[in-house]
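Here are the chains, one letter per residue:
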There are 2 protein chains.
Amino acid sequence: MNFSVIRGLVALICLFSVAGHANELPLVEKHTYTTTDFALFSGKRLAEVKVGWESYGTLNADKSNVVLITHYFSGSSHAAGKYRTEDPSPGYWDAIIGPDKAIDTNKFFVISVDSLVNLSAYSPDVVTTGPTSINPATQKPYGLDFPVVTIRDFVNIQKQVLESLGITGLHAVVGPSMGSMQAIDWASAYPSWVPRMVSVIGAGQSDAWTTAALEHWALPIKLDPQWQHGNYSKAKPPTEGLVAALMLITQQALHPGFFNQQGNTLNYRPLEDAPLQDITANHSIVTWLEKRARARASEMDANHLLYLVRACQLFVTGHQASLAQGIESIQAKTLFLPASNDLLLMPYLAKNAHEALRHAQKDSDYIELTGDLGHLEGVLDIQEQRHKLKAFLEK
Amino acid sequence: MNFSVIRGLVALICLFSVAGHANELPLVEKHTYTTTDFALFSGKRLAEVKVGWESYGTLNADKSNVVLITHYFSGSSHAAGKYRTEDPSPGYWDAIIGPDKAIDTNKFFVISVDSLVNLSAYSPDVVTTGPTSINPATQKPYGLDFPVVTIRDFVNIQKQVLESLGITGLHAVVGPSMGSMQAIDWASAYPSWVPRMVSVIGAGQSDAWTTAALEHWALPIKLDPQWQHGNYSKAKPPTEGLVAALMLITQQALHPGFFNQQGNTLNYRPLEDAPLQDITANHSIVTWLEKRARARASEMDANHLLYLVRACQLFVTGHQASLAQGIESIQAKTLFLPASNDLLLMPYLAKNAHEALRHAQKDSDYIELTGDLGHLEGVLDIQEQRHKLKAFLEK
């Protein structure tokens, strides 16, 4: 617990110093890539696709210094820096992306792309295509008429964005969580593009456990009477279902160590008077979790969450019959950085992929992140392995 | 995995042999205990309380051989034996309760009581009082007018049942999961009654993590449009919300080891065609989980689930300000049997209670159950520690 307090303080201090540095760097610009008649892995096609992207550092003359960052479930392409001087915090991996950092923007052109069906459909800083987009056939939002999309489709749109910049290969692909799925799928689908792949808090496939676990994120949305089988209006969305889903996601992405720390700051006691006297009252720790979720929900879309769940449920490296088949084509050196106390994508998932690669005589390395944040270690505490990451990328 | 297969087969074989034995034993009888004007821990009162109870073995002359079993969240007093020869399976702990078993009915009078707000409100073999009961003030079901009840209230009604049989002390109290909360609360509230306490897959309190985690079981029910703030009719209950809650509970009570084993039997593949082509279709592993939940839901009540969640959220040993305060009064020798890979009540919860007892110079022992069932190790695989349990009870 003492360790947590210290690390919490250190994290706060780092955040301020990061913010200080970010102010001195050029502000990040969001770009939009648009394509038409986009072929999906399922065989269906999308008449139009728009996605946002952003980059840090400078593309070199022979376009050989590209590091692609693939983002997590509730994330966006905003991996580093700030859009506006007044932004309260920089992109999620700012601790490792920047001049002289683990992913050194003095050397690398770092780029990231908003996923299809991005959760933050209503964020002014996200550009995505999904169920909230207008279906050209009806001139109304797609809703559930939007086709199922896969991690491979995320990869394929990223490849188009890169090709539109004249890029024909990567120095590395690096991604956390759902981003790890994209990273290893890149290595399998386009091996000649990918000499290095880093999977952070990741998985080589969604196993039976994970596919079922992800379904619990979808169920509250489908229960919300305002969901209306996906045909809700922007004015009357299934907010309560979305909030319940986000509460579950947040808890599963954390670990008791951090959570009970938070409980202490709220002076948590099991025998609180309001919930003892009233079945409809909540413990303060539940209210804390709900408030966080509700604040995040305002820029998010419930149908988009369902499609992201599905993309993750369908995931297996290479989108083939098995993980073993999917890794056969991989040429990249791979590095797995799971978190020891991850309850969402437990370390065995990364280990299984790592061991499958080793079994197939590939060059793979595996180190666990420690700390008490659970899954979020890979987002909020990745700097713990910054030296390893830097060495891996610069080897 | 091979170990799992073997243990699965062994479990099946045991089940058959248990069934064989059970047929030779006298059938178990359900009794009903009724009391009026029952004072609750909250300060409120219930005009009438009825609970079911059952027993195995014979009460000795001086009534000194009583072992009380306190049941888990979705369980009932049916810990051992069968009600009817044709019942497909015996009570949940039949592997350890019976003649010459760990809890030896040649020596002990083993008794268990249905909890208040029991989840299986519509089971013909459960007698309980809760939101489905008729409120004498309105002659309609209580719904959310039913007062919040606590683990202490479960303990107090058990004490009345025992006293109605002339019992004034226990040989031991033994309970799994929510039953462990009752067991340690017994030891704290009525120390002169309890010389021995066994906490299986248990906790000494609901910490901030657990209180928040339990809330996710309540949320799907509250989202179901048929819930109607608890004022639903028996003919139109919030079944979908209840099914979603049970799906989550089942998954959290298990572990990837067992779950992926189940996936193998279903020939699990992430890239199933139906969910790839249709956002409303499910993976077969999700359908498996849902079917199990739906089958169980038919005898269960959604409001009762909300009240059970609340009783667990409010729990701290002794129902005092802290765990440390609650354990002060305990005189019992205590034994903690958490499961190493429990994801629902992780072993640290039992360890914290055990260490608090040791710190207070009490006699406490702690051994982890192993195996790949997660939390359910303590229900389905408790016989792993049958020798330890037998020795503890007969010392």
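Not measured: the values here are computed from a predicted model.

Analysis parameters
Residues numbered from 1 in each chain as written. Chains lettered and ligands numbered in written order. Predicted model: local features only at pLDDT ≥ 70, side-chain atom pairs only at ≥ 80, totals over all residues. Heavy atoms only, no water. 1 Å grid on protein atoms, 1.4 Å probe; cavity = no way out; pocket = protein on both sides within 12 Å on 5 of 7 lines; lining within 4 Å. Points joined across faces, edges and corners; volume = space filled by probe spheres on them. Helix = DSSP H or I, 4+ residues; strand = E, 2+ residues; numbered from the N terminus. Nonpolar A, V, L, I, M, F, W, Y, C, P; charged D, E, K, R; others polar. Polar contact = N/O pair within 3.5 Å; in protein donor to acceptor, adjacent residues only side chain to side chain. Contact = heavy atoms within 4.5 Å. UniProt positions renumbered as here; feature names shortened; annotations may be inferred. Axes fitted to C-alpha atoms, helices over the stretch in contact; angles between N-to-C directions. Parallel < 35°, antiparallel > 145°, perpendicular 65-115°, else oblique. Left-handed = near helix turned anticlockwise from the far one by under 90°. Pairing = 2+ DSSP bridges. Buried area = accessible area lost by both parts, 1.4 Å probe. Salt bridge = Lys/Arg side-chain N within 4 Å of Asp/Glu carboxyl O. Expected span 1.5 Å × (residues − 1). Buried < 20%, exposed > 50% of the residue type's maximum accessible area, 1.4 Å probe, protein only. Least-squares fit on C-alpha atoms with pLDDT ≥ 70 in both.

On to empty space enclosed by the protein, then. Using the criterion set out here, one finds four cavities of 30 Å³ or more in the structure. Roughly 300 Å³ of volume is contained in the largest cavity. Trp209, Gln252 and Leu343 of chain A together with Gln252 and Leu343 of chain B are, among the 18 residues lining the largest cavity, the residues nearest its centre. Elements with a minimum of two residues in the lining of the largest cavity: α4 (208–223) and α5 (239–252) of chain A together with α4 (208–223) and α5 (239–252) of chain B. Looking at side-chain class alone, the lining of the largest cavity contains twelve nonpolar, six polar and no charged residues.

The next thing to look at is the side chain of Lys362 of chain A. Residue and element names in this part refer to chain A. Following the sequence through the fold, Lys362 ends up in the loop between α11 (347–359) and β12 (364–366). Reaching out from Lys362, the side chain makes a polar contact with the backbone oxygen of Ile330 at a distance of 2.8 Å. With sequence-adjacent residues up to four places away left out, Lys362 is seen in contact with Ile327, Glu328, Ser329, Ile330 and Leu357.

Here the UniProt-annotated "domain: AB hydrolase-1" (unreviewed entry) positions come out as residues 145–248 of chain A. Secondary structure over residues 145–248 of chain A splits into 50% helix and 10% strand, and the C-alpha atoms at its two ends are 27 Å apart.

Here we take up the packing of α4 of chain B against α5 of chain B. Residue and element names in this part refer to chain B. Contact geometry of α4 with α5 gives a least axis separation of 7 Å together with a crossing angle of 160°. Considering their axes alone, α4 and α5 lie roughly antiparallel with respect to each other. Viewed along their axes, α4 and α5 form a crossing whose handedness is right-handed. Touching His216, Trp217, Pro220 and Ile221 of α4 are Gly241, Leu242, Ala244, Ala245, Leu248, Ile249 and Gln252, all from α5. In the contact of α4 with α5, the residues fall into eight nonpolar, three polar and no charged.

With that out of the way, let us pick up the sheet that holds strand β3 (residues 66–69) of chain A. All names here are of chain A. The strand order across the open sheet built from eight strands is β1-β2-β6-β3-β9-β10-β11-β12, with neighbouring strands paired in mixed fashion. The sheet is open, and its two edges are formed by β1 (31–39) and β12, each paired on a single side. Along the sheet, successive strands turn relative to each other by an average axial angle of 20°, direction set aside. Across eight bridges, β1 lies against strand β2 (residues 45–56) in antiparallel orientation. Residue pairing in the sheet places His31 in a bridge with Trp53 of β2. Seen against the sheet, helix α2 (residues 151–164) touches β1, β2, β3 and β6 (109–113) and runs at an angle of roughly 120° to β1. Together, β3, β9 (172–176), β10 (196–200) and β11 (333–337) form the strand contacts of helix α3 (residues 178–189), whose direction differs from that of β9 by roughly 155°.

Another point: the interface of chain A and chain B. Each partner contributes to the interface: chain A provides 64 residues, whereas chain B provides 64 residues. Counting the surface lost from both chain A and chain B, the interface buries some 5200 Å², and carbon and sulfur atoms represent 70% of this. The largest per-residue losses of area from chain A upon contact with chain B belong to Trp209, Leu223 and Ile279 of chain A, which jointly make up 15% of the total buried on that side. The interface formed by chain A and chain B holds 30 residue pairs in polar contact (both at pLDDT 80 or more) in total. Elements with a contribution of two residues or more to the side of chain A that touches chain B: α4, α5, α6 (256–265), α7 (273–277), α8 (284–297) and α9 (302–313) of chain A. In terms of residue count, the dominant contributor to the side of chain A that touches chain B is α4 of chain A (eleven residues). For the side of chain A that touches chain B, the residue count by class is 35 nonpolar, 19 polar and ten charged.

Tallying each qualifying case throughout the model produces 30 salt bridges over all chains. Salt-bridge contacts for Arg84 of chain B lead to Asp125 of chain B; the nearest nitrogen and oxygen are separated by 2.7 Å. Taken as a pair, Arg84 of chain B in the loop between β3 (66–69) and β4 (97–98) and Asp125 of chain B in the loop between β6 (109–113) and β7 (134–135) lie far apart in primary sequence, 41 residues in all. The shortest N-O distance in the salt bridge between Lys390 of chain B and Glu394 of chain B comes to 3.5 Å. Of this pair, Lys390 of chain B and Glu394 of chain B both sit in helix α13 (residues 386–394), four residues apart, which is roughly one turn of the helix. Among the charged side chains, a salt-bridge network with shared partners connects Asp104, Lys107, Lys390 and Glu394 of chain A.

Residues and elements named next belong to chain A. The N-to-C vectors of α6 and α8 enclose an angle of 110°; their axes lie 10 Å apart at closest approach. Our classification of the angle between α6 and α8 gives roughly perpendicular. Note that α6 runs across α8; the crossing there is right-handed. Each of Phe258, Phe259, Gln262 and Gly263 in α6 lies in contact with α8, whose residues at this interface are Ile285, Trp288 and Leu289. Considering only residue class, the contact of α6 with α8 consists of five nonpolar, two polar and no charged.

Moving on: the sheet that holds β3 of chain B. Residues and elements named next belong to chain B. The strand order across the open sheet built from eight strands is β1-β2-β6-β3-β9-β10-β11-β12, with neighbouring strands paired in mixed fashion. Two strands lie at the open edges of the sheet, namely β1 (31–39) and β12 (364–366), each paired on one side alone. Direction aside, the axes of adjacent strands within the sheet are offset by 20° on average. Sheet strands touched by helix α2 (residues 151–164): β1, β2 (45–56), β3 and β6. Its angle to β1, the strand with the most contacts, is close to 120°. The sheet strands contacting α13 are β9 (172–176), β10 (196–200), β11 (333–337) and β12, and the helix crosses β10 at an angle near 160°.

Helix length check: helix α9 (residues 302–313) of chain B, at twelve residues, gives a terminal C-alpha distance of 17 Å against a target of 16 Å (1.5 Å per residue), a fit within 8%. For α9 of chain B, a buried count of twelve out of twelve residues is recorded, marking the element as mostly surrounded by other parts of the structure. Of all the residues in α9 of chain B, the buried ones are Ala302, Asn303, His304, Leu305, Leu306, Tyr307, Leu308, Val309, Arg310, Ala311, Cys312 and Gln313 of chain B. Where α9 of chain B is buried, its residues meet α7 and α8 of chain A together with α2, α3 (178–189), α4 and α5 of chain B. The N-cap of α9 of chain B, judged by a side-chain oxygen 3.1 Å from the amide nitrogen of Asn303 of chain B a few residues on, is Asp301 of chain B.

Least-squares fitting of chain A to chain B yields an RMSD of 0.0 Å, with the superposition described by an axial translation of 0.0 Å and a rotation of 180°. In symmetry terms, the pair is related by a two-fold rotation axis. The share of interface residues of chain A whose copies in chain B are also at the interface is 98%, consistent with both copies meeting through the same surface.

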